[in-house]
Structure formats: C-alpha cells, structure tokens
Amino acid sequence: MFNRRDKIIKKDGVKPTDLEEEVAKSISSLESNNKDLKAHLAIIFINSVENVEFERADGSAAEYLLVKIPHRSHGALKKVGKLVIDKLEKQFEKNVLVVANRTIISCHAKHHPSQMRPRSRTLTSVHAEILNDIVSATPPRVGAGAEARPPNALSRAPPPPFA
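Since we're looking at a predicted model, the values are computed, not measured.

Quick word on the packing of aromatic side chains
Here is step 1 of the chain: Evaluation of the coordinates by the stated rule reveals one aromatic pair.
Here is step 2 of the chain: The interplanar angle of 50 degrees and the centroid separation of 5.7 Å between the aromatic rings of Phe54 and Tyr64 together place this pair among those described as tilted. Note that Phe54 is positioned in strand S1 (residues 48-55) and Tyr64 in strand S2 (residues 61-69), a separation of ten residues in sequence.
Here is step 3 of the chain: The ring of Phe45 has Lys7 sitting right over it, with the charged end atom 5.3 Å from the ring centre.

Some details on the pairing of S1
Here is step 1 of the chain: The pairing of S1 with S2 spans eight bridges and is classified as antiparallel. Across the sheet, the residue bridging to Glu53 is Glu63, located in S2.
Here is step 2 of the chain: What sits between S1 and S2 in their antiparallel hairpin is a turn of five residues, with Gly59 showing a positive phi close to 100 degrees.

Some remarks on the nonpolar core
Here is step 1 of the chain: Counting 22 residues, the largest nonpolar core has Val23, Ile46, Val67 and Val84 as its most contacted members.
Here is step 2 of the chain: Elements with a contribution of two residues or more to this core: helix H1 (18-33), S2, helix H3 (74-92) and strand S3 (95-100).
Here is step 3 of the chain: Aside from chain neighbours lying at most four places away, what touches Val67 is Ile46, Ser48, Val49, Leu88, Val96, Leu97, Val98 and Val99.

Examining the pattern of salt bridges
Here is step 1 of the chain: On inspection of all chains with the given rule, the structure shows six salt bridges.
Here is step 2 of the chain: Across the salt bridge formed by Glu31 and Lys7, the nearest N and O atoms sit 2.9 Å from each other. One end of the pair, Glu31, is in helix H1; the other, Lys7, is in the segment before H1, and 24 residues separate them in sequence. The burial state of Glu31 is the same as that of Lys7; both residues are buried.
Here is step 3 of the chain: A salt bridge links Arg102 to Asp133, with the nearest nitrogen and oxygen atoms 2.7 Å apart.

So, unusual backbone geometry
The phi angle of most residues is negative, glycine excepted, and most peptide bonds adopt the trans form.
Here is step 1 of the chain: Here Glu93, not a glycine, exhibits a phi torsion of approximately 55 degrees, which is positive.
Here is step 2 of the chain: Inspection of the secondary structure puts Glu93 in the loop between H3 and S3.

Let's talk about H1
Here is step 1 of the chain: Relative to the 22 Å expected for 16 residues at 1.5 Å per residue, H1 spans 22 Å between its end C-alpha atoms, a close match to the ideal helical length.
Here is step 2 of the chain: When H1 is considered as a whole, its buried residues turn out to be Glu20, Glu21, Val23, Ala24, Ser26, Ile27, Leu30 and Glu31.
Here is step 3 of the chain: Elements that come into contact with the buried residues of H1 comprise helix H2 (38-41), S1, S2 and H3.

Regarding H3
Here is step 1 of the chain: For H3, spanning 19 residues, the distance from its first C-alpha to its last is only 22 Å, which falls clearly below the expected 27 Å at 1.5 Å a residue.
Here is step 2 of the chain: Within H3, the full set of buried residues consists of His74, Ala76, Leu77, Val80, Gly81, Val84, Ile85, Leu88, Glu89 and Phe92.
Here is step 3 of the chain: At the exit of H3 stands Glu93, carrying a positive phi of roughly 55 degrees.

Scoring rules and cut-offs
Residues numbered from 1 in each chain as written. Predicted model: local features only at pLDDT ≥ 70, side-chain atom pairs only at ≥ 80, totals over all residues. Heavy atoms only, no water. Phe/Tyr/Trp six-rings, centres within 6.5 Å; stacked < 30°, edge-to-face > 60°. Helix = DSSP H or I, 4+ residues; strand = E, 2+ residues; numbered from the N terminus. Lys NZ or Arg CZ within 6 Å of the ring centre and 35° of its normal. Pairing = 2+ DSSP bridges. Core = buried A, V, L, I, M, F, W, Y, C linked by side-chain atoms within 4.5 Å. Buried < 20%, exposed > 50% of the residue type's maximum accessible area, 1.4 Å probe, protein only. Contact = heavy atoms within 4.5 Å. Salt bridge = Lys/Arg side-chain N within 4 Å of Asp/Glu carboxyl O. Expected span 1.5 Å × (residues − 1).

The values reported here are purely geometric and, on their own, carry no functional implication.
Written as structure tokens, this is what we have:
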C-alpha cells in the first residue's frame, strides 16, 4: 500500500497535487522493484513537481516535468538518477529535470559576527549548482538544448604564451 507521505515532503498544511502523488508512486514502485538499489532510492524524496511549458527554437510548444527534491536527497540521486529519470520519462512521456532545493542566504542577513555565511549559500554558488543539476544530470539529447560543460568551465583561462 502506498502512503503519499512516504516520498513527499511538504510544509505543514499543504496538500500534494495529483502529479506529485503520481511521481511519488513511481519512485516508490521503483524502490520496491530494485532490491539492490533500495538503499539509495529510499533516501530520495520530492518537494514539488510541476509541468513547465516552453517554446522550442522552431516555434512549437513543448513541456517538461520539473521535479524538486531536498538537497539531502541529491547525493543518492546522483547514484541512481539515470534510472529514476528514465522511469519518469517513460511514464509521463516528457523530458524530466530534477533539481535540488538549495537555500540562498543574503549577505545582509543578520547573524552573529563570529558566524560567516557558507560559500554554498551564496547567490552565485546556488545558481551554479542549479545549472550543474540541469546540465550534468541528464545526457545531451536532440532538441533538449543541453550541452555538456567541461569540468573546468568556470575556472580561469590560461594566460597567453609569450611571443
């Protein structure tokens, strides 16, 4: 028997949508069918799921499924993400993007002077990690617009050689 609260983490009083329940059911069934990956799949939860409509370069309309998971589930998703994404894409017949929820802390937030803001909570770092979730989690597909970035794409360019 599936209990919708097993895989869905929402704020108190907020009811999950039908789409969120369907995604949670498919992840739960995937967990029950794969005994060898059950340890990783048991850690994966969802916060929200939404259909996002966009316009392709040729002008046609398309949709993808945006699944938001807690940041603590992201490590387990890295290990079994291809399996989860393939199952969801097959079931819903759409492209699926899985993004971890991260917290941005303002540089102007009031805190104790001895406590510094972690670098992982800065605006730049959070946006870079969301981009990495989108680009590196899924293999490049025709029409999806995803390109593989080299691992050192954000690093400094080498100086020009002396002539």
